[in-house]
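Fold and geometry: a report
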Amino acid sequence: MNEQKLLDRILSELNDKRQKAEAAGDPYDPPRLFLHSCCAPCSSYCLQYMADYFAVTDFYYNPNITEKPEFVKRSRELERLISEMPLHYPVTYVEGPYEPKRFFEAVKGFEDVPEGGERCFICYEMRLRESARLAAEGSYDYFTTTLTISPLKNSAKLNEIGRRLEAEYGVKWLPSDFKKKNGYLTSIELSKQYELYRQNYCGCVFSRREAEAREQAKTDE
């Protein structure tokens, strides 16, 4: 399934509605999007892109981030980015709770699974489920995640989980593959422009160990 084409279709329909309202002189209220965000670099392009069509609530919820200083650092960078970026529609920032214990309980038994496997899928669902729950409580029009911008994340799995949660919570999932249309490359450029902290691992202790092992291997070579 081509998620970008599906997203393009939805955005085109929204743009048509806005243009018709403006042509008629009617007020236009953009639909509300509850956007799960993992960090500022990944969020940069997604916010720039989505804020042209939606009133966005940016939800930083990442219980996989093991260390509290790292959790706080990423949160503050995202909050700073939102305050500095010129965005068409307003973006509201919401920081979720720091709860690594919940993550460790969820992935128990999958500690040794390589990054990108079942442990990550469990983590995806934790973050998307909380996003869907809050989006439904807040009567948002859509929910989605910045995670699909990463080449290291399984976009097909993320969209599969999102659609299942849409059926469960009754709030529409916004399909995405944000790495398309040079999204990932744009996020790198925006990170440089705003001098964003770019971490070299996803967030959990397991991904950090893999990152450290890769760096050590490079050093040994």
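Just above sits the structure.
Residues numbered from 1 in each chain as written. Predicted model: local features only at pLDDT ≥ 70, side-chain atom pairs only at ≥ 80, totals over all residues. Heavy atoms only, no water.

Once that is clear, we can look at the sheet that holds strand β5 (residues 172-173). If you walk across this open sheet you meet the five strands as β3-β2-β1-β4-β5, and the pairing is parallel. Strands at the two margins of the open sheet, each flanked by one partner only, are β3 (91-95) and β5. Looking at chain direction, strand β4 (residues 142-145) and β5 are connected through two bridges and run parallel. When the bridges of β5 are listed, Phe143 appears paired with Trp173. Helix-sheet contacts for helix α2 (residues 40-50) involve β1 (32-37), β2 (55-60) and β3, and the interaxial angle to β2 is about 160°. (Pairing = 2+ DSSP bridges. Helix = DSSP H or I, 4+ residues; strand = E, 2+ residues; numbered from the N terminus. Contact = heavy atoms within 4.5 Å. Axes fitted to C-alpha atoms, helices over the stretch in contact; angles between N-to-C directions.)

Helix α6 (residues 155-169) packs onto helix α5 (residues 118-137) with a crossing angle of 35° between their chain directions and a minimal axis gap of 10 Å. Crossing handedness for the pair α5 and α6: right-handed. Every residue of α6 that contacts α5 at Phe121, Tyr124, Glu125, Leu128, Arg129, Ala132, Arg133 and Ala136 is listed here: Lys157, Leu158, Ile161, Gly162, Arg164, Leu165, Glu168 and Tyr169. Taken together, the residues of the contact of α5 with α6 sort by class into nine nonpolar, one polar and six charged. (Left-handed = near helix turned anticlockwise from the far one by under 90°. Nonpolar A, V, L, I, M, F, W, Y, C, P; charged D, E, K, R; others polar.)

These figures come from the coordinates and say nothing about function on their own.
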